[in-house]
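Results of the structural survey
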Amino acid sequence: MPSRKYADGEMVMGRWPGSVLYYEVQVASYDDTTHLYTVKYKDGTELALKESDIRSQSSFKHRKSQSSSSSPSRRSTSRSRSRSPGRPGKGRRRSSSQSREHKNDKKKTIQETSIALPPVFLFLFKPSENNTKRYNGEPESTEKNDTSCIILEHKLKPDLEVKRVLEQYSLRSRKDEKKKEEIYSEKKIFATVKTIEKASTKTKELEFGGRIGTFMMILFLPATVFYLLLMCKQDDPSLMNFPALPALESLWETRVFGIFLLWFFLQALFYMLPIGKVVEGLPLSTGKKLQYRINGFYAFIFTAAAIGILLYFQFELHYLYDHFMQFAVSAAAFSLALSIYLYVRSLKAPEEELAPGGNSGYFIYDFFTGHELNPRIGSFDLKYFCELRPGLIGWVVINLAMLLAEMKIHNLSVPSLSMILVNSFQLLYVVDALWNEEAVLTTMDITHDGFGFMLAFGDLVWVPFVYSLQAFYLVGHPTVISWPVAAAITLVNCIGYYIFRSANSQKNSFRRNPADPKLANLKFIPTATGKGLLVTGWWGFVRHPNYLGDIIMALAWSLPCGFNHILPYFYVIYFICLLVHREARDEHHCKQKYGLAWERYCQRVPYRIFPYIY
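This structure is a prediction, so every number in the text was calculated from the model and none was measured. (Residues numbered from 1 in each chain as written. Predicted model: local features only at pLDDT ≥ 70, side-chain atom pairs only at ≥ 80, totals over all residues. Heavy atoms only, no water.)

1. Things to note about the packing of aromatic side chains
The criterion, for reference: Under the pairing criterion, centres of Phe, Tyr and Trp rings, with the six-membered ring standing for Trp, must be within 6.5 Å; the plane angle then separates stacked pairs below 30 degrees from edge-to-face pairs above 60, leaving the rest tilted. Remark: exposure states derive from per-residue accessible area (1.4 Å probe, protein chains only) relative to the maximum for the residue type, with buried under 20%, exposed over 50%, and partly exposed in between. Criterion for a charge above a ring: Arg CZ or Lys NZ at most 6 Å from the ring centre, at most 35 degrees from the ring normal.
With the rule as written, the count across this model stands at 43 aromatic pairs. Where Y30 meets Y37, the ring centres are 4.6 Å apart and the plane angle is 50°; that geometry is what we call tilted. Taking relative accessible area as the criterion, Y30 reaches 15% and is therefore assigned buried. Accessibility expressed as a relative area gives 0% for Y37, which makes it buried. Aromatic rings pair up to connect F260, F264, F265, Y271, Y292, F334, F380, Y384 and F385 into one cluster. Just above the ring of Y362 sits the side chain of R211; from NZ or CZ to the centre is 4.0 Å. It is R376 that lies over the ring of Y292; its NZ or CZ is 4.9 Å from the centre.

This is the structure we're talking about:
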């Protein structure tokens, strides 16, 4: 096992990934598994570099002294040439003798260069505006970010010695360099986290408690769903009153599983319809952009029409309520089978198509978080389809089934006011998500997380069966509320929705087109990635205003259930825990991605989710 060469805290010169420039960096840590150094640039950016991409400062200082030692001869040559008209004979002799010296120095420089050049060569060139702008993602080599760069230029004659050096170190001609510059300019490669991912293919930092934590969550998440549903069925759903476990054979029904499969493939059919616009997602690590068809709202309309036809022919939709546990078990079984398929197919996926957060090399961890970033069957994107279609639209259908079940069980001519509020609030949330479907393409679920058990179970089981908990609870535990109370709860939901929607719209508009005249009043902090961090508007109020809106809406969804039991408020507690976890995860991700700019942003916007509290 090779030993490390550079110690923690040592100042060295590190090559910027994707470029040929070396910058002064400090060694932060070393990974014995991947043999990668984590180094920190002076602007706060942290990258993972191979040992071959790091050089000691002494080697650069040695070359710099060689360069400066040759400059006096060039200055004396310049002076001798300026005096040559007055003294023609002597001037020519002096020039010719200095020319021979210059040739000898040049040959000597070539020989020294052929010995001193490292295995991963440096292009050493004179700084200019074009050179500093060559790679859009590199840190600026100016005093503004205080990043030092060793620069030198060699102009060598095309003799055999130069040719040998060129072949030995694969140096490109200027023409090839221009082509390379054009390619970088066209693709707009930024030094983002994606650069880090390319340099380090393995996931180093494990979330969710690592292998043990993810294994426990694979067992814990289904058990939590079944526990909540069993509790709602009880007359007394208090936490101390643990429900009796049903017989195993009662949890499975082939007909129910068939209905679930029919629902899933019906939504897949709606997804493949050639309607709606086609848009491009954010660039992948390779620079490629995937295409997505935006037709989720159309799928919702078609689903509503299909449900209307079923009700017209007197299909009993409350069948969902009567077999709710069997539907949950069927969805869990399908999500597990889908997760196994996704992991098996990911083993054959190219390295660049793997998820940056799900490539640890540990089976359980990668199975849970998702090994492949964007698994597709042809143009059918499995992750994007499951993100909004079967589970989210299914959530609305389940709520409607609970509303009809309440009317039948309690012999009501119209649903209760509590049930109407829950259905209305959550319908608004789903319709908003489908109407603004394009915005999901910028979320971490699509851009960062792989598609594994976590998202498959979350999309197909957790969302439809846990998010509908309030409606399911109200069927067995009706709650009467007055109109003034209903108006107050509606106001709370409207406030939450306004914060949620306006914050997301502001962020998405800025990401798509920062130069939009509508956003001219917004201020932002520029970053080394080429993106900006908003410090005015909602994102200058707290760091995650969309999470604040989410939590306020979740509270409004639970308030119609009253305060007799804590069970309907499980969703609020869960949502707070989930968003705090996501917020911590976002903080870590953004700190690595934006470096010093993120620290400046945190100083400008100190509160994370709750103003003046957290």
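After that view of the structure, there is still more to cover.
2. Digging into the UniProt feature "transmembrane region" (unreviewed entry) in the protein chain
Threshold: UniProt positions are given in the numbering used here, feature names are shortened, and annotations may be inferred rather than shown by experiment. Comment: elements are numbered from the N terminus, with helices defined as DSSP H or I runs of at least four residues and strands as E runs of at least two.
Within this numbering scheme, the UniProt entry marks residues 208–230, 256–275, 296–315, 327–344, 455–475, 481–500, 521–542 and 562–581 as carrying the feature "transmembrane region" (unreviewed entry). A helix fraction of 100% and a strand fraction of 0% characterise residues 327–344, whose end C-alpha atoms lie 26 Å from each other. In this annotation, residues 562–581 is assigned 60% helix and 0% strand; the end-to-end C-alpha distance for the span is 28 Å.

3. What to know about the packing of helix α9 (residues 296–312) against helix α15 (residues 417–435)
Axes are the key here: two packed helices are described by the angle between their axes and the distance separating the axes. This is how the line gets drawn: Axis lines are fitted through C-alpha atoms, for helices just across the contact stretch, and the angle between N-to-C directions can take any value from 0 to 180 degrees. Should an angle fall under 35 degrees it is called roughly parallel, over 145 degrees roughly antiparallel, and 65 to 115 degrees roughly perpendicular, with every other angle called oblique. Any two residues whose heavy atoms approach within 4.5 Å at even a single point are treated as in contact. For this scheme, ten residues count as nonpolar: Ala, Val, Leu, Ile, Met, Phe, Trp, Tyr, Cys and Pro. Four count as charged, namely Asp, Glu, Lys and Arg, and the remainder, Gly too, count as polar.
At their nearest, the axes of α9 and α15 sit 7 Å apart, and the two run at 135° to each other. As far as their axial angle goes, α15 and α9 are oblique. Contact with α9, carried on its side by G296, F297 and F300, involves L427, V431, L434 and W435 of α15 and no other residues of that element. Residues that form the contact of α9 with α15 fall into these classes: six nonpolar, one polar and no charged.

4. Re the pairing of strand β4 (residues 46–50)
Cut-off, in case you're wondering: Pairing between two strands is assigned when DSSP locates at least 2 bridges connecting them.
Here strand β3 (residues 36–41) runs beside β4; their pairing, made up of five bridges, is antiparallel. Paired with L36 across the strands is K50, a residue of β4. Hairpin connection between β3 and β4: a loop of four residues separates the two successive antiparallel strands, and G44 in this loop has a positive phi of roughly 95°.

5. Overview of the packing of helix α14 (residues 390–409) against α15
Filter applied, for reference: Handedness of each helix crossing follows the sense of rotation of the near helix against the far helix: counterclockwise by less than a right angle gives left-handed, clockwise gives right-handed.
α15 packs onto α14 with a crossing angle of 165° between their chain directions and a minimal axis gap of 10 Å. As far as their axial angle goes, α15 and α14 are roughly antiparallel. Taken as a pair, α14 and α15 cross one another with a handedness that is left-handed. Of the residues in α15, those touching α14 at L392, I393, W395, V396, N399, L400, M402, L403 and E406 are M419, N423, Q426, L427, Y429, V430, A433 and L434. Among the residues making up the contact of α14 with α15, the classes are represented as 13 nonpolar, three polar and one charged.

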